[in-house]
Amino acid sequence: MSHAILLISCRDQKGITAAVTNFIFQNQGNIVHADQHIDEQSNTFFMRIEWSLDHFKLKREDIQPAFSVIAKSFDMTWKLSFSDQKTRVAIFVSKHLHCLYDLLYRHKTGQLFCEIPLLLSNHPDAKGAAGDFGVKFAEFFVDPRNKIEQEHKQIELLKAEKIDLIILARYHQILTKQFVDRFPMQIINIHHSFLPAFAGSNPYLQAYQKGVKVIGATSHYVTEGLDQGPIIAQDTVGVGHRDSLDDLKRKGEDLEKLVLSRAVRWHLERKILCYGNKTVVFD
């Protein structure tokens, strides 16, 4: 059964919930999920509402113009989507393939509702994985001299494949501003650390040398600032004095897979709203 999904943010004011739910009710829609949140510091209202299109009076193409009247009256920032629309995903990866294999497996087994037509890398290591799962593979060798040129070619390929979401599954290249600006809040990264702690390279060595008792992983949207984008998901796992550096890496990689797949699934299910440098993630 197909559902319509509205993600809404605006200044908090009286009557928003009533207006939105009344719009659905008057058009004979059945609400199957509704959640809202108010950020008191910024006085911002957030809402995610989902309803069945079975017996809904408005055709899909008529919902947006009809709802825009309500949206304008509350000065909303809003997005309408449909549950049966598959997001087209491209995965970027370098030499660490654990997150890539996890995403491809979850997709193949139906855990991630999307299409993955494209895998891009700056190394040949992931070509076999792409072949195993029937995904188109494109290799772009990147160095400081050709970075802008290669990113331009990548952007053209992403446009040709009509990509909606980019996942950096341990892609060891810093994307330029020109690239990030083309895909605002459409690039999800996994950072092998509990940001903002141990940012930068080799966080497991930093954690090991510090003698930490927990290590973490962070998934976030990519912005121009390195590792500074809005955080979507984080998690930690305990470590002890008997754990070696290899133990930390093994536990960390397991955590990375979990945190990244969780963030991707929430994005695909249209459960995330960004504001400032934060996210609201609806249950």
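Look up a bit, the structure's there.
Model, not experiment: these values are computed from the prediction. (Residues numbered from 1 in each chain as written. Predicted model: local features only at pLDDT ≥ 70, side-chain atom pairs only at ≥ 80, totals over all residues. Heavy atoms only, no water.)

Caption draft 1: Region of the structure containing empty space enclosed by the protein. Following the criterion strictly, the structure yields one cavity of 30 Å³ or more and no others. Looking at the largest cavity, its volume works out to about 40 Å³. Residue lining of the largest cavity: Val142, Lys147, Glu151, Gln154, Tyr171, Gln173 and Leu175, and that is the complete set. In terms of residue class, the lining of the largest cavity is made up of three nonpolar, two polar and two charged. (1 Å grid on protein atoms, 1.4 Å probe; cavity = no way out; pocket = protein on both sides within 12 Å on 5 of 7 lines; lining within 4 Å. Points joined across faces, edges and corners; volume = space filled by probe spheres on them. Nonpolar A, V, L, I, M, F, W, Y, C, P; charged D, E, K, R; others polar.)

Caption draft 2: Spotlight on the packing of helix H7 (residues 203–210) against helix H8 (residues 245–268). In contact at an axis separation of 10 Å, H7 and H8 are set at 125° when each is read in the N-to-C sense. The orientation of H7 with respect to H8, classified from their angle, is oblique. Where H7 crosses over H8, the two elements pack in a sense that is right-handed. Two secondary-structure elements touch here, H7 through Tyr204, Leu205, Ala207 and Tyr208 and H8 through Leu245, Leu248, Lys249, Gly252, Glu253 and Glu256. (Axes fitted to C-alpha atoms, helices over the stretch in contact; angles between N-to-C directions. Helix = DSSP H or I, 4+ residues; strand = E, 2+ residues; numbered from the N terminus. Parallel < 35°, antiparallel > 145°, perpendicular 65-115°, else oblique. Left-handed = near helix turned anticlockwise from the far one by under 90°. Contact = heavy atoms within 4.5 Å.)

Caption draft 3: Here's a closer look at the sheet that holds strand S4 (residues 77–82). Strands sit in the order S2-S3-S1-S4 across an open sheet of four strands; the sheet is antiparallel. Both outer strands of the open sheet, strand S2 (30–39) and S4, are each paired with one neighbouring strand and no more. Here the strands of the sheet are splayed against their neighbours by 10° on average, with no regard to which way each runs. Across the sheet, helix H1 (residues 16–26) is in contact with strand S1 (3–11), S2 and strand S3 (44–52); its angle to S3 comes to roughly 15°. Lying on the sheet, helix H2 (residues 60–73) is in contact with S1, S3 and S4; it crosses S4 at an angle near 160°. (Pairing = 2+ DSSP bridges.)

Caption draft 4: Seen up close, the sheet that holds strand S5 (residues 87–93). Ordered in space as S7-S6-S5-S8-S9-S10-S11, the seven strands form an open sheet in which the pairing is mixed. Sheet topology places strand S7 (136–139) and strand S11 (231–238) at the edges, where each strand pairs with a single neighbour. The average undirected angle you get between the axes of adjacent strands in this sheet is 20°. Note that strand S6 (residues 114–121) and S7 share four bridges and pair parallel. Paired with Leu118 across the bridge in S7 is Lys136. Helix H5 (residues 147–160) contacts S5, S6, S7 and strand S8 (165–168) of the sheet and is inclined by roughly 160° relative to S6. Together, S5, S6, S8, strand S9 (187–191), strand S10 (214–221) and S11 form the strand contacts of H8, whose direction differs from that of S11 by roughly 150°.

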